[in-house]
Amino acid sequence: MIESIGTKLTSLCGGILPFYLSEADAKVYPYAVYRQDVQTFRTKDGVYKYTAESRIRVFSKDADEALEKAEAIKAALDANTDPAFVIRLVQETKDCLEDVWRIDVVYFVKQTS
């Protein structure tokens, strides 16, 4: 079930631009990578929910393109209607290093079983 959060992020964002777990397979801009820190919540009966801090990084050589792709990702995640997932924006940062723009969007994701 832990993989379900990553699968959900990929299904919502994968059509926007190439979307990879942790590290890009290729350095063709634009692309996004994500990583997540997952917590499991249990009772004596078993797991009842997972939460994750999911950090999505958009990379592009063009600032406007990076912002556009980050906005599209935010819109896709904010439009989630699956009742098994609660997805909320926590933080957004922007920077540029060696002519590559990076937009970080951090989301809190909760999945109930």
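Structure: above.
Residues numbered from 1 in each chain as written. Predicted model: local features only at pLDDT ≥ 70, side-chain atom pairs only at ≥ 80, totals over all residues. Heavy atoms only, no water.

### Section: the sheet that holds strand β4 (residues 85-97)
Across the sheet, five strands lie side by side as β1-β2-β3-β5-β4; this open sheet has mixed pairing. Only two strands of the sheet have a single neighbouring strand rather than two, namely β1 (19-21) and β4. Between one strand and the next, the sheet's axes are offset by a mean angle of 20°, whatever the strand orientation. Here strand β3 (residues 46-60) pairs with strand β5 (residues 100-112) via twelve bridges, running antiparallel. (Pairing = 2+ DSSP bridges. Helix = DSSP H or I, 4+ residues; strand = E, 2+ residues; numbered from the N terminus. Axes fitted to C-alpha atoms, helices over the stretch in contact; angles between N-to-C directions.)

### Describing helix α2 (residues 63-78)
With 16 residues, α2 ought to run about 22 Å at 1.5 Å a step, and its terminal C-alpha atoms sit 22 Å apart, in line with that. Those residues of α2 lying buried are Ala66, Lys69, Ala70, Ile73, Lys74, Ala76 and Leu77. Buried residues of α2 fall within an arc of 165° about the axis and therefore sit on the same side. Looking at α2, the residues exposed on the side facing more than 90 degrees away from the buried face are Asp64 and Glu68. Among the residues of α2, the N-terminal cap falls to Asp62, whose side-chain oxygen and the backbone nitrogen of Asp64 are separated by 3.1 Å. (Expected span 1.5 Å × (residues − 1). Buried < 20%, exposed > 50% of the residue type's maximum accessible area, 1.4 Å probe, protein only. Arc of directions from axis to C-beta. Polar contact = N/O pair within 3.5 Å; in protein donor to acceptor, adjacent residues only side chain to side chain.)

### As for the nonpolar core
Ranked by internal contacts, the top residues of the largest apolar core, which has 21 residues, are Ile5, Phe19, Ala32, Ile56, Val58, Ile73 and Leu77. Contributing elements (two or more residues each) for this core: α1 (3-13), β2 (31-43), β3, α2, β4 and β5. In this structure, Val58 is in contact with Leu17, Tyr31, Ala32, Ala66, Lys69, Ala70, Ile73, Trp101, Arg102 and Ile103, ignoring residues within four places of it in sequence. Grouped together as the second largest cluster of nonpolar side chains are six residues, Tyr20, Ala24, Tyr31 and Val100 included. (Core = buried A, V, L, I, M, F, W, Y, C linked by side-chain atoms within 4.5 Å. Contact = heavy atoms within 4.5 Å.)

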